[in-house]
Each structure stands twice: as structure tokens, then as C-alpha cells.
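A closer look at the structure
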Amino acid sequence: MRRLLCTLLVIIGGLGCARIYRPVALATPPASVRGDGLAGQVVVQPWGDNSRYERKALQANLRVFVLTLENTSPADLEILRLDLPEGATALPPEAAASLVKQQSLAYILYPLLPGLASLGAADKAASGSVGPSDQAIFQGLAIVGACIGIPNAVIAARSNRRLEAFFRDQAWSPGALRAGQTRRGLVFLRAPDPYAPLPLQILYRDQARERTLALVGPGARPL
């Protein structure tokens, strides 16, 4: 019984507590790399106090960049797409959020594991022993686990929704960029080495022809 109890505590302790997602502002760097009629810049989007999400992003080789584009020409431009090097892929905001989300259902293990253990535990104290039975102990742990696990599951699920909404609302997309207009948004990229710089190509079209603007996304800093 003691070994089983220790195992349960290790599993539950490994989950820790859910983290509340704390909103962060979109990074707003100037567009410092200039091309023919278009200027741009790529910087790492800060995670703020959301270190758990940041660690999961690094583990998943996910980079969240802020892409800033400024039309420096007197005419409208059409931003066509973002080209990536071989081995790198772009993700929609929902897929990026799925990679870093907290596992809210895992917190149900807090009451579930002791509850299951109580089913096979003795319902009476051993002969000559003092105190509650093994079954009573596990049932008590299940009650305590429910008081802790259910609020954590709610917090994790709510935080995941807020993070996904931020990703979705701030996601970058191609399209028209009017003369003098500046637009920025989040891009979600996966590459084998999150610490290495990542070259990017912005393909755009003016009134004459298609052009490209070369940018470099910085590598992540080790935590």
C-alpha cells in the first residue's frame, strides 16, 4: 500500500498545477529591412509570464514570430506568401496552440487514480493496526484530489482558450498592403533547430512584377 501511495504521489506531483495564461502585447518592432517598395522585420514574440507555454513551444520546435511589413512605395502592393527554407513549415494558429496547450484532462487523474486504487484496497484496517483502512485513505485522497484537480482542469482549459484566441486574432495573413500602410501579425513556424536563425522570403507584387524581400527570424534563446 505504501509503494502504491508513493507512486500516486509521484504521478500527481509530476503534473504540477495549471498555469493561468497571462495576456501579452504583440511585439511592435520597426520595419528595418528595406527592399523595393517594401520594408520588413521579424522578431520573436515574447511569452511574458507564460513560461510553461514557452517551454512546450521549444520542445515542439515551434517558433512564434511577429512579422512586420511596411509599404514604402507610393502604390499598393499585394503580399502573396511567405516562403520558408526546406525542412520548415508554417502552421495555422489553431495547430500552433494545440502544440503548446496544457493538458487539462490530465488533472482528472488527481481524483481518478486514488479512486481506482480504493476499489482494490482493503476496507478494514489490518489486524492490530491503528487508524483508517487503506480504502478509507484512498477515498480521502480522491476527495482531496477532486478539490484540487477539477479547479486546475478548469484553469488549464480556460487558459488554453485564451492563448488560442490570441494566436487566432493576431495571426498574419497575406493580402493587399496599401501605400504607406504597416501591418504586423504572428507567424507560427516549425523548424528542426529552434535556436538557429531561420531565413524567410516575402513574395510580393507591385504594378510591374513580383519581387522578394529576404528576412531572417532570430533563433530562440535557451531558457
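Details of the structure are given in the entry above.
Summary of the structure given here. (Residues numbered from 1 in each chain as written. Predicted model: local features only at pLDDT ≥ 70, side-chain atom pairs only at ≥ 80, totals over all residues. Heavy atoms only, no water.)

A closer look at the overall build of the protein chain
In terms of helices and strands, the protein chain carries five helices and nine strands. When the helices and strands of the protein chain are placed in sequence order, the string is α-β-β-α-β-β-β-α-α-α-β-β-β-β. Out of the 223 residues belonging to the protein chain, those deemed buried represent 39%. Within the protein chain, residue pairs in contact and separated by at least 24 positions form 75% of the contacts whose partners lie at least 6 positions apart. (Helix = DSSP H or I, 4+ residues; strand = E, 2+ residues; numbered from the N terminus. Buried < 20%, exposed > 50% of the residue type's maximum accessible area, 1.4 Å probe, protein only. Contact = heavy atoms within 4.5 Å.)

A word on the sheet that holds strand 9 (residues 210-217)
Here four strands make up an open sheet; going across it, the order is 6-4-8-9 and the pairing antiparallel. Single-partner strands in this sheet number two, and they are strand 6 (175-177) and strand 9. The mean inter-strand angle of the sheet, taken between neighbouring strand axes irrespective of direction, is 35°. Both strand 4 (residues 77-83) and strand 8 (residues 198-205) contribute to a ladder of five bridges, which runs antiparallel. When the sheet's bridge partners are listed, Asp83 is paired in strand 8 with Gln201. (Pairing = 2+ DSSP bridges. Axes fitted to C-alpha atoms, helices over the stretch in contact; angles between N-to-C directions.)

A short note on unusual backbone geometry
We note that Asn61 has phi near 60°; this positive angle belongs to a residue other than glycine. Mapped onto the elements of the fold, Asn61 is located in the loop between helix 2 (51-59) and strand 3 (62-71).

Considering helix 2
Burial in helix 2 covers these residues: Arg52, Tyr53, Ala57 and Leu58. Asn61 sits one or two residues past helix 2 and shows a positive phi near 60°.

Observations concerning the environment of Arg178
Within the element layout of this structure, Arg178 appears in the loop between strand 6 and strand 7 (182-190). For Arg178, a relative accessible area of 55% corresponds to the exposed category. With 102 residues separating them along the chain, Arg178 and Asp76 place their C-alpha atoms 4.4 Å apart. If we ignore the near neighbours within four places in the chain, the residues touching Arg178 are Asn71 and Asp76.

Here's the deal with the layout of surface pockets
Of the volumes computed, that of the largest pocket is approximately 270 Å³. Surrounding the largest pocket, 13 residues form its lining, Val44, Trp47, Glu54, Ala220 and Arg221 being those nearest its centre. Among the secondary structure elements, those contributing two or more residues to the lining of the largest pocket are helix 2 and strand 3. For the lining of the largest pocket, the element with the most residues is strand 3, which contributes four residues. Considered class by class, the residues forming the lining of the largest pocket number nine nonpolar, one polar and three charged. (1 Å grid on protein atoms, 1.4 Å probe; cavity = no way out; pocket = protein on both sides within 12 Å on 5 of 7 lines; lining within 4 Å. Points joined across faces, edges and corners; volume = space filled by probe spheres on them. Nonpolar A, V, L, I, M, F, W, Y, C, P; charged D, E, K, R; others polar.)

As for the pairing of strand 8
Strand direction decides the pairing type here: strand 8 and strand 9, joined by eight bridges, are antiparallel. Its bridge partner lying in strand 9, Ile202 is registered against Leu213. What sits between the antiparallel neighbours strand 8 and strand 9 is a turn of four residues.

Digging into the environment of Leu69
Mapped onto the elements, Leu69 comes out in strand 3. Residue Leu69 is classed as buried on the basis of its relative accessible area of 1%. Remark: the alpha-carbon pair of Leu69 and Pro30, spanning 39 residues in sequence, is separated by 8.9 Å. Apart from residues no more than four positions distant in its own chain, Leu69 is found in contact with Leu38, Ala39, Gly40, Ile79, Trp172, Leu177, Gln181, Thr182, Arg183, Ile202 and Leu213.

What to know about helix 3 (residues 93-100)
Residues of helix 3 that are buried include every one of Pro93, Ala96, Ala97 and Val100, and no others. Within helix 3, the buried residues cover an arc of 100° as seen down the axis, which keeps them to one side. (Arc of directions from axis to C-beta.)

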